[in-house]
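# Overview (structure and organization)
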Amino acid sequence: MHRHQNIRDNLISKYSSLVDDEKKFANFINLPLKQSFRVNTLKEEKEIVLDKLKEYDPKIKTTEWNDNAHISELDNLGSSLEHFVGHIYIQELTSMIPPLVVKDLMKNISIIDCCAAPGSKTTQMAAMMENKGHIIANDARHVRLKSLRGNLDRLGVTNTSVTLRDFKSFPNTKADLYFVDAPCSSEGTIRKKNSVARNWREKDYIRFNKLQKGLLGKACEMAPSGSTVVYSTCTFSPDENEKVVSDILNKHDMKMKKINIKNLKSEPGITKWNNETYNSEVEKCMRVWPHHNDTDAFFIARMEKC
Ligand SMILES: C[S@@+](CC[C@H](N)C(=O)[O-])C[C@H]1O[C@@H](n2cnc3c(N)ncnc32)[C@H](O)[C@@H]1O
């Protein structure tokens, strides 16, 4: 059997019990994703760029839940002049969600983007902030900083400093918003060609869970009272999602905030998995499944430090 089909089938059987419609879930996991992008409003107006792009693809569509999330029938917008000069950023639709759940905060604030490379969400937040305020974009991997710096440069981001550090040992720094877009098994990106390289084993989930708890715990530890912490992953795995948030809630003085995006279908966080029961507050997390909005899968939690 083809390796990728085997991974897909395993994900379907592993997670079907968590979804509202098993057949639809299985169907969508097997459908490829179209290319999506957003217009970089730091450099050009949205309508001007969309009009130009519609000369190559008249079928470009905008989603109902994000007026700057667009879907193309083409798969090579990354070679367009608009991409080259930083008028667009190719980004999965679900990857645009975490900054949207803190849209209300995006004024002149300070942000620490703890795991930032290659900068999809950093550049999105910088555009939402109109280059005001300040973002520290941190990543632990030197090789990935090159693409982060390249993207900041191409998109004309000027309110961001880049740091190279394992976030678990980041110096205590006060900010209004801590953004933990954690490394994960990436299972939810299975619809994208060549993503999810393998079938993960139990010990891999344990390793990810430990790393994620370390990163989120560090953000919660250094967050001053009243500041916001966002945790997100692109995986289905409750071990990397609700279990991480539940353990953090039990250990740190954090309050969950309910999140909602108009016209985006989502499900609450799950409270039971593998004979474990989580802190009931994790229901306030957001799960986006592939079959609900024809996207990848994503998990997002928004918390406030008490
Ligand atoms: C899901 S990716 C981040 C994607 C990014 N937020 C974006 O939107 O483009 C996770 C990132 O975490 C980084 N990472 C892994 N371990 C880390 C650590 N201990 N401290 C900081 N960053 C880490 C990885 O190098 C990777 O770039």
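No experiment lies behind these values; they were computed from the predicted model shown.

Calculation notes
- Residues numbered from 1 in each chain as written.
- Predicted model: local features only at pLDDT ≥ 70, side-chain atom pairs only at ≥ 80, totals over all residues.
- Near = placed C-beta within 6 Å.
- Helix = DSSP H or I, 4+ residues; strand = E, 2+ residues; numbered from the N terminus.
- Nonpolar A, V, L, I, M, F, W, Y, C, P; charged D, E, K, R; others polar.
- UniProt positions renumbered as here; feature names shortened; annotations may be inferred.
- Buried ≥ 20, exposed ≤ 12 C-beta atoms within 10 Å, placed from the backbone.
- Contact = placed C-beta atoms within 7 Å.
- Expected span 1.5 Å × (residues − 1).
- Arc of directions from axis to C-beta.
- Pairing = 2+ DSSP bridges.
- Right-handed = clockwise from strand over helix to strand, strands pointing away.

## Digging into the site of the ligand
- In the vicinity of the ligand lie 20 residues, with Cys-115, Ser-120, Ala-140, Phe-167 and Asp-181 positioned nearest.
- Elements that contribute at least two residues to the shell around the ligand include exactly α6 (120–128) and β6 (134–139).
- The residue makeup of the shell around the ligand, split by class, is nine nonpolar, four polar and seven charged.

## What to know about the UniProt feature "active site" (unreviewed entry) in the protein
- According to UniProt, the feature "active site" (unreviewed entry) maps to Cys-234 in the numbering used here.
- Tracing the chain through its elements places Cys-234 in the loop between β9 (228–233) and α9 (242–251).
- On the basis of neighbour counts, which here come to 25 C-beta atoms within 10 Å, the residue Cys-234 falls in the buried class.
- Beyond its immediate sequence surroundings of up to four residues, Cys-234 is in contact with Thr-94, Cys-184, Ser-186, Gly-188, Thr-189, Asp-296, Ala-297 and Phe-298.

## Observations concerning helix α7 (residues 142–154)
- An ideal rise of 1.5 Å per residue puts 18 Å on 13 residues; α7 measures up with 19 Å between its terminal C-alpha atoms.
- Three or more residues of α7 are buried, namely Leu-145, Leu-148, Asn-151 and Leu-152. One side of α7 carries all its buried residues, which in axial view fall inside an arc of 125°. Of the exposed residues in α7, those oriented more than 90 degrees away from the buried face are Val-143, Lys-146, Gly-150 and Asp-153.
- Summarising the contacts, the buried residues of α7 are in contact with α6, β6 and β7 (160–164).
- Immediately downstream of α7, the backbone of Gly-156 shows phi near 75°, a positive value.

## Points about unusual backbone geometry
- Of note, the bond from Ala-117 into Pro-118 is cis; its omega dihedral lies within 30 degrees of zero at 10°.
- Relative to the elements of secondary structure, Pro-118 occurs in the loop between β5 (110–113) and α6.
- For Asn-131, which is not glycine, the phi dihedral falls at a positive 65°.
- Along the polypeptide, Asn-131 turns up in the loop between α6 and β6.
- With 13 C-beta atoms packed within 10 Å, Asn-131 lands in the partly exposed category.
- Notably, Asp-294 is not glycine yet its phi reads approximately 55°, a positive angle.
- Residue placement: Asp-294 occurs in the loop between α10 (290–293) and β15 (298–305).
- Residue classification places Asp-294 among the partly exposed positions, given that 14 C-beta atoms sit within 10 Å.

## A few points about the pairing of β7
- The sheet contact formed by β6 and β7 spans five bridges and is parallel. Counterpart to Asn-138 in the pairing with β7 is Thr-163.
- A crossover links β6 with its parallel partner β7, the connecting element being α7, and its sense is right-handed.

## Re the sheet that holds strand β3 (residues 70–72)
- Pairing in this open sheet of four strands is antiparallel, and the strands run β2-β3-β1-β4 from one edge to the other. Looking at which strands have only one partner, the edges of the open sheet turn out to be β2 (61–62) and β4 (88–90).
- Taken together, the two bridges between β2 and β3 define a ladder with antiparallel strand orientation. Paired with Lys-61 across the bridge in β3 is Ile-71.

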